[in-house]
Amino acid sequence: MENPELYIEALIFSSEQSIRIEEIIFCLQAAFERDFTKEDVTLSIDNIQKKYQDENFAIELVNISNGYQFLTKKIYHPVISLLQLQRSKKKLSPAALETLAIIAYKQSVTKLEIEQIRGVNSDYSIQKLLEKELITIIGKSETVGRPILYSASQQFMDYFGINNLGELPQIKEFTDNSVSIGEQAE
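**Q** Sorry, what's going on with helix α5 (residues 94–106) here?
**A** Every α-helix carries 3.6 residues per turn, so stepping three or four residues along brings you back to the same face. With 13 residues, α5 should reach 18 Å at 1.5 Å per residue; the first-to-last C-alpha distance of 18 Å fits that figure. Within the sequence span of α5, burial applies to Ala-96, Thr-99, Leu-100, Ile-102, Ile-103 and Ala-104. For α5, the elements touching its buried residues are β3 (109–110), α6 (111–118), α7 (123–131), β4 (135–140), β5 (148–152) and α8 (154–160). Backbone geometry just after α5 places Gln-107 at a positive phi near 55°.

Listed below in structure tokens is the structure:
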């Protein structure tokens, strides 16, 4: 193995989702039957990140979802958005977006809880979100009937560019206190 950085770059590039350092180490150790330290891999990743900071590259190496992934640089997002808009024939419906928001913010939520919040049946929305791998089944509740528990998936975090669900905007960020009826009590 002449240059481990090239293998690390290839692993990150070929991964559909962000890849964690531990996964990189596992792959390298299995392929080359020698030990790799976290520091070695981190140093190589730093070098790869520096390499792609050059303005001649349209992509960059980003730390996302507790791993690394190649993404296009923000300057190219408008043109990429046009392509995605053109290709997106099946968008999420408002019902699916509502369901996804409930699952992301509530975490470990059952279908019944989702339906109580939305006030309507959510079978179809949940099925579509599972198909698109934006949510995942994380187990069963300990309540009567042991209903299935849903949570936001790793792909959800990759798509929205967050490392954990704590980075989601807080509900209070969406409220507009300037619009109110009556006088504010002090």
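Next, the rest of the story.
**Q** Teacher, can you tell me more about unusual backbone geometry here?
**A** In terms of backbone geometry, most residues other than glycine have negative phi values and most peptide bonds are trans. One non-glycine residue with positive phi stands out, namely Gln-107, at about 55°. Topologically, Gln-107 is positioned in the loop between α5 and β3. In the Ramachandran plot, Arg-146 falls in the positive-phi region, its phi being about 45° despite a non-glycine side chain. Its place among the elements puts Arg-146 in the loop between β4 and β5.

**Q** What is the right way to look at the pairing of strand β2 (residues 67–72) in this model?
**A** Strand residues, when the strand is regular, have side chains that alternate between the two faces of the sheet. Sheet topology places strand β1 (residues 59–64) next to β2; six bridges connect them, and they run antiparallel. Paired with Ile-64 across the two strands is Gly-67, which belongs to β2. In textbook terms, the turn of a hairpin is the stretch between consecutive antiparallel strands, and for β1 and β2 this stretch comprises two residues, one of which, Ser-65, has a positive phi near 55°.

**Q** Sorry if this is basic, but what is going on with the pattern of salt bridges here?
**A** Working definition: two side chains of opposite charge can pair if their charged atoms are close together. One pass over the full model with this rule turns up nine salt bridges. Among the ionic pairs, Arg-20 bridges to Glu-23, the shortest N-O distance being 3.9 Å. Where Asp-123 meets Lys-111, a salt bridge forms, and the shortest distance between an N and an O atom there is 2.9 Å. Within this pair, whereas Asp-123 is found in helix α7, its partner Lys-111 is found in helix α6, the two being separated by twelve residues in sequence. For Asp-123, a relative accessible area of 39% puts it in the partly exposed group. In this structure Lys-111 comes out as partly exposed when scored by relative accessible area, which is 28%.

**Q** Please explain a nonpolar patch on the surface as it appears in this structure.
**A** Taken together, the side chains of Ile-75, Tyr-76, Val-79 and Leu-82 make up a nonpolar region of the molecular surface, amounting to roughly 420 Å² of accessible area. Tracing the chain through its elements places Leu-82 in helix α4 (residues 77–87).

**Q** Explain the packing of helix α2 (residues 21–32) against helix α3 (residues 38–51) here, please?
**A** Axes are the key here: two packed helices are described by the angle between their axes and the distance separating the axes. At a closest axis distance of 10 Å, the pairing of α2 and α3 adopts a crossing angle of 110°. Classified by the angle their axes make, α2 and α3 are roughly perpendicular. Residues Ile-21, Glu-22, Ile-24, Ile-25 and Leu-28 of α2 lie in contact with α3, whose contacting residues are Lys-38, Val-41, Thr-42 and Ile-45. Within the contact of α2 with α3, the residues separate by chemical class into six nonpolar, one polar and two charged.

The rules behind these values
Residues numbered from 1 in each chain as written. Predicted model: local features only at pLDDT ≥ 70, side-chain atom pairs only at ≥ 80, totals over all residues. Heavy atoms only, no water. Helix = DSSP H or I, 4+ residues; strand = E, 2+ residues; numbered from the N terminus. Expected span 1.5 Å × (residues − 1). Buried < 20%, exposed > 50% of the residue type's maximum accessible area, 1.4 Å probe, protein only. Contact = heavy atoms within 4.5 Å. Pairing = 2+ DSSP bridges. Salt bridge = Lys/Arg side-chain N within 4 Å of Asp/Glu carboxyl O. Patch = residues over 30% accessible without salt bridge, like charges linked within 9 Å, V, L, I, M, F, W, Y side chains within 5 Å. Areas by Shrake-Rupley, 256 points an atom, 1.4 Å probe, with all protein chains shown as cover. Axes fitted to C-alpha atoms, helices over the stretch in contact; angles between N-to-C directions. Parallel < 35°, antiparallel > 145°, perpendicular 65-115°, else oblique. Nonpolar A, V, L, I, M, F, W, Y, C, P; charged D, E, K, R; others polar.

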